Amino acid sequence: MLPGLRAQLATSRMVTPEYFRDELRSFRGAAFSFAPTLMQTTFLRAQARSEDVDHLYLVGAGTHLGAGLPAVLCSAKIVDAVIQQAFGDA
């Protein structure tokens, strides 16, 4: 063992879109869902309940409220409320 070697070592980790795509299975490697264009903001984003598939509920950065951890957590709370409203305490 070399004395003082551990103190001289430095490591780093880089997260790329390829990591999000390949390891996290995020669509096209997007960290926070699709690009925030005018047609994908506020009420135009996907809502908590799928319009196409019965009993499918959406949560995360690509849904209303939007990207960022606070909004994603709020999105989860909204989905919880929507499911409770749809199914009650079943």
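Keep in mind it's a predicted model, so treat the numbers as computed, not measured.

Asker: I'd like a description of the side chain of Ser50, backed by residues and values.
Answerer: The topology assignment puts Ser50 in the loop between helix H2 (17-22) and helix H3 (69-87). Note on Ser50: relative accessible area 16%, which makes it buried. Polar contacts involving the side chain of Ser50 include one to the main-chain amide nitrogen of Val53, which spans 3.0 Å.

Asker: Tell me about the pattern of salt bridges, residues and numbers included.
Answerer: Under the criterion given, the structure shown has 1 salt bridge. In this structure, Asp22 engages Arg21 in a salt bridge whose closest nitrogen and oxygen atoms are separated by 2.7 Å. Taking the relative accessible area as the measure of exposure, Asp22 reaches 36% and is therefore partly exposed. Exposure remark for Arg21: the relative accessible area of 41% places this residue in the partly exposed category.

Asker: Tell me about the environment of Phe32, and name the residues and values.
Answerer: Relative to the assigned elements, Phe32 resides in the loop between H2 and H3. By relative accessible area, which is 52% here, Phe32 ends up exposed. Each C-alpha atom of the pair Phe32 and Gly60 lies 8.6 Å from the other, and the pair is 28 residues apart in sequence.

Asker: Tell me what's going on with a nonpolar patch on the surface, and back it up with residues and numbers.
Answerer: A cluster of nonpolar side chains, Leu2, Leu5 and Leu9, forms an exposed patch at the surface whose accessible area comes to about 310 Å². For Leu9, the position within the fold is in the loop between helix H1 (5-8) and H2.

Asker: Describe the packing of aromatic side chains, and please don't skip the residues or the numbers.
Answerer: Counted according to the given criterion, the structure contains 2 aromatic pairs. Ring geometry for Tyr19 and Phe20: centres 5.9 Å apart, planes at 80°, overall edge-to-face. Given the relative accessible area of 21%, Phe20 is considered partly exposed. Centre to centre, the rings of Tyr57 and Phe87 are 6.4 Å apart; their planes meet at 75°, and the pair counts as edge-to-face.

Asker: So what's going on with the confidence of the model for the protein? Residues and values would help.
Answerer: Summary statistics for the protein give a mean pLDDT of 79 and a share of 82% for residues scoring 70 or more. Across the protein, H1 holds the top mean pLDDT of 88, while H3 sits lowest at 83.

The rules behind each value
Residues numbered from 1 in each chain as written. Predicted model: local features only at pLDDT ≥ 70, side-chain atom pairs only at ≥ 80, totals over all residues. Heavy atoms only, no water. Helix = DSSP H or I, 4+ residues; strand = E, 2+ residues; numbered from the N terminus. Buried < 20%, exposed > 50% of the residue type's maximum accessible area, 1.4 Å probe, protein only. Polar contact = N/O pair within 3.5 Å; in protein donor to acceptor, adjacent residues only side chain to side chain. Salt bridge = Lys/Arg side-chain N within 4 Å of Asp/Glu carboxyl O. Patch = residues over 30% accessible without salt bridge, like charges linked within 9 Å, V, L, I, M, F, W, Y side chains within 5 Å. Areas by Shrake-Rupley, 256 points an atom, 1.4 Å probe, with all protein chains shown as cover. Phe/Tyr/Trp six-rings, centres within 6.5 Å; stacked < 30°, edge-to-face > 60°. pLDDT = per-residue confidence, 0-100.

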